[in-house]
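# A look at the structure
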Amino acid sequence: MSYMKGLKCRECQRRYPKEALYVCEYCFGPLEVDYDYDKIEKSLSREEIESRPRNLWRYRELLPIDGEPTDGFNTGCTPLIRAKSLGKALGVKELYIKDDSVNHPTLSFKDRVVAVALSRAKELGFNTVACASTGNLANSVSAQSAIAGLKRHIFIPADLEMGKVVATLIYNPVLVAVEGNYDQVNRLCSEIATKYKWAFVNINIRPYYAEGSKTYGYEIAEQLGWKVPKHIVVPCAGGSLITKIDKGLKELKKIGIIGKADSKIYAAQATGCSPIITAIKEDSDIIKPVKPNTIAKSLAIGNPADGIYAAATVKASGGWAEDVSDDEIVDAIKLLARTEGIFTETAGGVTLGVTKKLIEKGKIPKDESIVVCITGNGLKTQEAVNEKIGKPIKIKPSLAAFEQATK
Ligand SMILES: *Cc1c(COP(=O)(O)O)cnc(C)c1O
Ligand SMILES: [Zn+2]
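Residues numbered from 1 in each chain as written. Chains lettered and ligands numbered in written order. Predicted model: local features only at pLDDT ≥ 70, side-chain atom pairs only at ≥ 80, totals over all residues. Heavy atoms only, no water.

### A few points about the pattern of salt bridges
Inspection of every chain in the model, using the stated rule, returns 28 salt bridges. With its nearest N and O atoms 2.9 Å apart, the salt bridge here joins R52 to E61. Per residue, the accessibility class of R52 equals that of E61, and both read buried. One salt bridge connects E251 with K214, and the closest N-O pair in it is separated by 3.0 Å. (Salt bridge = Lys/Arg side-chain N within 4 Å of Asp/Glu carboxyl O. Buried < 20%, exposed > 50% of the residue type's maximum accessible area, 1.4 Å probe, protein only.)

Given below as structure tokens:
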């Protein structure tokens, strides 16, 4: 049973059939999935959702497939952690970590978007999937298309972290490392996508793919007892996740599952690649592309596809934006590890570093609920912290040597 009416242009509202289309022919605006919310409201309730298996398809009516899901049966439903120790360190009362660093199967929030994209790609008749990636998407497309038995072509910037490359290659895809930054990889992939009949998950089937991110927001609300937090801090690369968390919460309200969807949304980027933050701070309607230079490679998109929508989401919610230096990223990664026992990648360092700054500046009050979005795993970006975490104490295998070295 489908709840998807078709696609709709975000700018001019023109309607399109639910095919592998992503850009409006008239105004070049991005296309978005259009749902039958009345029908969804009739079939979905809190009790119904809670009775279903613990994966992202428990919100299936709000996801863009016509038939039954085929991928991602262990994806989503990641922990929402009440971070007391970290909260104490930051001087705030009610802090939560939404922890997608342990998402299945490849330890980042990208497993959500890929689970949805592959289910939809198969419905649309594709047998080859592809992506342009800053790392985590490559891991997830590679792994999940291996599970699904689809052919896979994956494109990354050549200077990615070793962990991200290994965690892609292990699933045996065609992996193309392009000598250039992500924005150049993306441009190349757009060209390839017009010539080859592949499902580029974040290009020609982007409208479907991007919807997977809404489940991150649905889960936050469900895990808080069907309530939203006052503040949510979200890392931005292309700017899709932040808009979809907001959209997801608004949808839950629209269909009567939650009473309020009034969270203030905050955007987080690294100073070395912060076009969205700059637009928000300067109250500008355009995103000025930048050349990325940061250790937060998973967020290093200089020309973000959904940048203007991300900025608009933040502004409309009453939130704000902040960026952090590479040193602040590393400090935040270490702070999260030390207080909550979570090892996040550089993107998580960006989000927590920004949260800390926003609290210190008084932009986020200390006595209201805050959710920090941790979206990726630290084992994949070890280069970032390798030289900054001390060394093991090396000893000969004897009790005397141990006591000598540790006294
Ligand atoms: C891709 C990614 C993001 C940001 O996603 P966008 O939707 O492109 O803004 C955040 N965190 C991690 C770890 C990612 O890999
Ligand atoms: Zn249009």
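### Focus on helix α4 (residues 110–123)
Taking 1.5 Å as the rise per residue, α4 with 14 residues should run 20 Å; its terminal C-alpha atoms sit 20 Å apart, in good agreement. Of all the positions in α4, only K110, D111, R112, V113, V114, A115, V116, A117, L118, S119, R120 and A121 are classed as buried. (Helix = DSSP H or I, 4+ residues; strand = E, 2+ residues; numbered from the N terminus. Expected span 1.5 Å × (residues − 1).)

### Quick notes on the sheet that holds strand β11 (residues 264–270)
Pairing is mixed across the open sheet formed by six strands, whose spatial order is β4-β5-β13-β10-β11-β12. Only two strands of the sheet have a single partner each, and these edge strands are β4 (80–82) and β12 (321–324). This sheet shows a mean twist of 25° between the axes of neighbouring strands, independent of strand direction. With five bridges connecting them, strand β10 (residues 231–235) and β11 associate as parallel partners. Along β11, the bridge assignment pairs V233 with Y266. Packing against the sheet, helix α9 (residues 214–223) makes contact with β4, β5 (95–99) and β13 (370–374), and its axis sits at approximately 135° to β5. Against the sheet, helix α13 (residues 326–340) touches β4, β5, β11, β12 and β13, its axis set at about 95° to β12. (Pairing = 2+ DSSP bridges. Axes fitted to C-alpha atoms, helices over the stretch in contact; angles between N-to-C directions. Contact = heavy atoms within 4.5 Å.)

### Section: the site of ligand 1
K110, G238, G239, L241 and T375 are the nearest of the 16 residues found near ligand 1. In this structure, a nitrogen atom belonging to ligand 1 sits 2.6 Å away from a side-chain N or O atom of T375. Expressed as a share of its isolated accessible area of 380 Å², the protein-covered part of ligand 1 is 94%. When its residues are assigned to classes, the shell around ligand 1 shows seven nonpolar, seven polar and two charged. (Near = heavy atom within 4 Å. Polar contact = N/O pair within 3.5 Å; in protein donor to acceptor, adjacent residues only side chain to side chain. Areas by Shrake-Rupley, 256 points an atom, 1.4 Å probe, with all protein chains shown as cover. Nonpolar A, V, L, I, M, F, W, Y, C, P; charged D, E, K, R; others polar.)

### As for the packing of aromatic side chains
Enumeration according to the criterion identifies five aromatic pairs in this entry. Aromatic side chains Y35 and Y37 sit 5.9 Å apart centroid to centroid with 50° between the ring planes, which places their arrangement in the tilted category. Residue Y37 is classed as buried on the basis of its relative accessible area, which comes to 17%. Put simply, the rings of F155, Y196, W198 and F200 pair up and form one aromatic cluster. When the ring centre of Y309 is taken as origin, the NZ or CZ atom of R10, which lies over that ring, is 4.0 Å away. (Phe/Tyr/Trp six-rings, centres within 6.5 Å; stacked < 30°, edge-to-face > 60°. Lys NZ or Arg CZ within 6 Å of the ring centre and 35° of its normal.)

### Here's the deal with the pairing of strand β8 (residues 174–178)
As paired elements, strand β7 (residues 151–157) and β8 share five bridges and run parallel to each other. Bridging from a neighbouring strand, I154 pairs with L175 of β8. For the handedness criterion, the β-α-β arrangement of β7, helix α6 (residues 162–169) and β8 is classed as right-handed. (Right-handed = clockwise from strand over helix to strand, strands pointing away.)

### Details of the side chain of K244
One can find K244 in helix α10 (residues 240–254). The residues contacting K244, other than those within four sequence positions of it, are E32, A210, E211, S213 and K214.

### Some remarks on a nonpolar patch on the surface
Judged by side-chain polarity, I393, I395, L399 and F402 come together as a nonpolar surface patch covering roughly 410 Å² of accessible area. With respect to the helices and strands, F402 occurs in helix α15 (residues 399–406). Given the relative accessible area of 42%, F402 is considered partly exposed. (Patch = residues over 30% accessible without salt bridge, like charges linked within 9 Å, V, L, I, M, F, W, Y side chains within 5 Å.)

### Let's talk about the sheet that holds strand β6 (residues 128–132)
Strand pairs in the sheet, formed through backbone hydrogen bonds, run parallel or antiparallel to each other. The parallel open sheet is built from four strands, whose spatial order is β8-β7-β6-β9. This sheet does not close on itself; its edge strands, each paired only once, are β8 and β9 (199–200). Its contacts with the sheet place helix α7 (residues 182–195) against β6, β7, β8 and β9, and it is angled at close to 145° to β7.

### Notes on the pairing of β13
Among the five residues of β13, five are classified as buried, and the element is accordingly described as predominantly covered. Of the two faces of β13, the one carrying I370, V372 and I374 and the one carrying V371 and C373 are both buried. Pairing geometry for β10 and β13, over three bridges, is parallel. When the sheet's bridge partners are listed, H231 is paired in β13 with I370.

### Re the environment of L160
Its place among the elements puts L160 in the loop between β7 and α6. A sequence separation of 135 residues divides L160 from E25, and the C-alpha atoms of the two residues are 35 Å apart. Excluding its chain neighbours within four sequence positions, the residues that come into contact with L160 are T134, G135, V165 and K297.

### Examining the coordination of the zinc ion (ligand 2)
Each protein donor to the zinc ion (ligand 2) is listed here as C9 (SG), C12 (SG), C24 (SG) and C27 (SG); together their distances run 2.3 Å. Viewed at the metal, the four donor atoms of the zinc ion (ligand 2) are separated by angles of 97 to 119°, and the geometry they form is tetrahedral. Spacing between the donor residues of the zinc ion (ligand 2) along the chain follows C-x2-C-x11-C-x2-C. Here C12 is found in the loop between β1 (4–9) and β2 (15–16), whereas its partner C24 is found in the loop between β2 and β3 (31–35), with 12 residues between them in sequence. (Donors = N, O, S within 2.8 Å, 3.2 Å for Na, K, Ca; no water. Tetrahedral: all angles 85-135°; square planar, octahedral: opposite > 155°, others 65-115°.)

### A word on the environment of R152
Summarising the element assignment, R152 is placed in strand β7. Taking the C-alpha atoms as reference points, R152 and A177, 25 residues apart in sequence, are found 14 Å from one another. Setting aside chain neighbours within four positions, we find R152 in contact with V129, V141, S142, S145, A146, Y171, N172, P173 and V174. Of the polar contacts made by the side chain of R152, one reaches the backbone oxygen of S142; its length is 3.5 Å. Within the local environment of R152, its side chain forms a polar contact with the backbone oxygen of Y171, the two atoms lying 2.9 Å apart.

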